[in-house]
2 protein chains.
Amino acid sequence: MSSPDKVFEALASTTRRKILAYLSEGPLTAGAVAERFDVSQPAISKHLSVLEAADLIWKKRDGQFVNYGMKADNLGGTLAKFMQEVCPPSRALKAERRAENDND
Amino acid sequence: MSSPDKVFEALASTTRRKILAYLSEGPLTAGAVAERFDVSQPAISKHLSVLEAADLIWKKRDGQFVNYGMKADNLGGTLAKFMQEVCPPSRALKAERRAENDND
DNA sequence: TCACCTTTTAACTTATTTGTTATATATTTA
DNA sequence: TAAATATATAACAAATAAGTTAAAAGGTGA
């Protein structure tokens, strides 16, 4: 399981959000990800491990290559839960539901 | 208008996410927010200005107090847009819609 | 005006993040 | 085995973030 803290920390970097956007179109090797950015390969490697620590991506070695791909569940789940906690409209819905249940 | 960059940066801090959760229940003065945390009041003041720079909260002086409150639109909008860009299910829906439009 | 209260800003310290280059580890292929 | 390729790790520098205390700014009311 992964903490929301790690997810939000991972999303704090523009580069990492872009990596997620690339991976959302399909898996890529570490090198293919790095090609798409203007920073060094080791820098991208570190970004990938931050994303992995947040459980936002998976990793699978394939010979000399390492493939990375999105794990959308955790991203969607964490953001959805946060919105529920914090966004007034969903808070209102929750309060409504509570009220209904109290009437039972 | 506020950049997604600033929003995600603002959300990267657990303390700031908790501040948003408090404010989602209603406006509070700077002091009332600070009371709820174990850090100094100036530290909270800085967190509030990060949230304000991200356009996630509003601020209104009332005499010697300063009230802060949530601006849910920008938070919801930024997160929804990001999910649309990155989450495979919504990406699939977008592709579908494109395909439909191509048939017109 | 003066004392007081609330909040922000300044100056500073420490920890973390992000990047770099050089090196190590895995793997394939000649 | 040796050379080449792909990726990760180590060691370091620079920038940023987050906290602290002290002081300033804004506002109230005797």
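Here the structure is shown first, and the text comes after it.
Criteria and cut-off values
- Residues numbered from 1 in each chain as written.
- Chains lettered and ligands numbered in written order.
- Predicted model: local features only at pLDDT ≥ 70, side-chain atom pairs only at ≥ 80, totals over all residues.
- Heavy atoms only, no water.
- Axes fitted to C-alpha atoms, helices over the stretch in contact; angles between N-to-C directions.
- Helix = DSSP H or I, 4+ residues; strand = E, 2+ residues; numbered from the N terminus.
- Parallel < 35°, antiparallel > 145°, perpendicular 65-115°, else oblique.
- Contact = heavy atoms within 4.5 Å.
- Nonpolar A, V, L, I, M, F, W, Y, C, P; charged D, E, K, R; others polar.
- Salt bridge = Lys/Arg side-chain N within 4 Å of Asp/Glu carboxyl O.
- Buried < 20%, exposed > 50% of the residue type's maximum accessible area, 1.4 Å probe, protein only.
- Near = heavy atom within 4 Å.
- Polar contact = N/O pair within 3.5 Å; in protein donor to acceptor, adjacent residues only side chain to side chain.
- Pairing = 2+ DSSP bridges.
- Least-squares fit on C-alpha atoms with pLDDT ≥ 70 in both.

*Asks:* I would appreciate a short explanation of the packing of helix 1 (residues 4-11) of chain B against helix 5 (residues 72-86) of chain B in the present structure.
*Replies:* When two helices pack together, their arrangement is given by the angle between the helix axes and the distance between those axes. All names here are of chain B. In the contact formed by helix 1 and helix 5, the axes pass within 10 Å of each other and the chain directions differ by 105°. With respect to each other, helix 1 and helix 5 are oriented roughly perpendicular. Contacts from Pro 4, Val 7, Phe 8 and Leu 11 of helix 1 reach helix 5 at Asn 74, Leu 75, Thr 78, Leu 79 and Phe 82. Tallied by class, residues from the contact of helix 1 with helix 5 come to seven nonpolar, two polar and no charged.

*Asks:* For this particular structure, what's the right way to read the pattern of salt bridges?
*Replies:* Opposite charge on two side chains lets them pair, provided their charged atoms get close. Enumeration according to the criterion identifies six salt bridges over all chains in this entry. In this structure, Asp 5 of chain A engages Arg 17 of chain B in a salt bridge whose closest nitrogen and oxygen atoms are separated by 2.8 Å. In this pair, Asp 5 of chain A is assigned in helix 1 (residues 4-11) and Arg 17 of chain B in helix 2 (residues 14-23), connecting two distinct chains. When its relative accessible area of 38% is taken as the criterion, Asp 5 of chain A is described as partly exposed.

*Asks:* I tried to follow the protein's contact with DNA strand C on my own but got confused; where do I start?
*Replies:* With respect to spatial proximity, 23 residues lie near DNA strand C, and among them Ser 40 and His 47 of chain A together with Gly 31, Gln 41 and Tyr 68 of chain B are the closest. Among atoms of DNA strand C positioned within 4 Å of the protein, sugar and phosphate together represent 66%. One nitrogen or oxygen atom from the side chain of Gln 64 of chain A is found 3.4 Å from a base oxygen belonging to DNA strand C. Here a phosphate oxygen of DNA strand C sits 2.4 Å away from a polar atom, N or O, in the side chain of Tyr 68 of chain B. Every element with two or more residues in the surface near DNA strand C is listed here: helix 4 (41-53) of chain A together with helix 3 (30-35), helix 4 (41-53) and strand 3 (65-70) of chain B. For the surface near DNA strand C, the element with the most residues is helix 4 of chain A, which contributes four residues.

*Asks:* Quick question: what am I supposed to make of the sheet that holds strand 3 (residues 65-70) of chain A here?
*Replies:* Residue and element names in this part refer to chain A. In space, the three strands of this open sheet follow the order 1-3-2, with antiparallel pairing throughout. With one partner strand each, in any of the chains shown, strand 1 (28-29) and strand 2 (57-62) form the two edges of the open sheet. Relative to strand 3, strand 2 is paired through six bridges, and the arrangement is antiparallel. Across the sheet, Ile 57 pairs through a bridge with Met 70, a residue of strand 3.

*Asks:* Help me understand the pairing of strand 3 of chain A in this model?
*Replies:* A regular strand places its side chains on the two faces of the sheet in alternate fashion. Residue and element names in this part refer to chain A. Among the six residues in strand 3, five count as buried, and that is most of the element. Pairing of strand 1 with strand 3 involves two bridges; the strand directions are antiparallel. Residue Thr 29 lies in a different strand from strand 3, and its bridge partner there is Asn 67. Remark: two residues form the turn of the hairpin made by strand 2 and strand 3, two consecutive strands paired antiparallel; Gly 63 in that turn has positive phi of roughly 65°.

*Asks:* Any chance you could explain the relation of the copies chain A and chain B here in plain terms?
*Replies:* Copy one and copy two of the chain differ by a rotation about an axis and a translation along that axis. Superposing chain A onto chain B takes a rotation of 180° plus a shift of 0.0 Å along the axis, which leaves an RMSD of 0.1 Å. Such a combination of rotation and displacement between the chain copies is what one expects of a two-fold axis. Proximity to the rotation axis, assessed at the C-alpha, singles out Ala 12 of chain A in chain A; its C-alpha lies 2.8 Å from the axis. Of all interface residues in chain A, 100% are interface residues in chain B too; the two copies therefore contact each other through one and the same surface.

*Asks:* Whenever I open this one, the protein's contact with DNA strand D confuses me. Can you help?
*Replies:* Near DNA strand D there are 23 residues, and of these Gly 31 and Tyr 68 of chain A together with Ser 40, Lys 46 and His 47 of chain B occur at the shortest range. Here the atoms of DNA strand D within 4 Å of the protein split so that 64% fall in sugar or phosphate, with bases taking the remainder. Within the side chain of Ser 45 of chain A, an N or O atom sits 3.1 Å from a phosphate oxygen of DNA strand D. Within the contact set of DNA strand D, a base oxygen lies 3.0 Å away from a side-chain nitrogen or oxygen of Gln 64 of chain A. The greatest single-element share of the surface near DNA strand D, amounting to four residues, is contributed by helix 4 of chain B. Here the surface near DNA strand D is composed, by residue class, of eight nonpolar, 10 polar and five charged.

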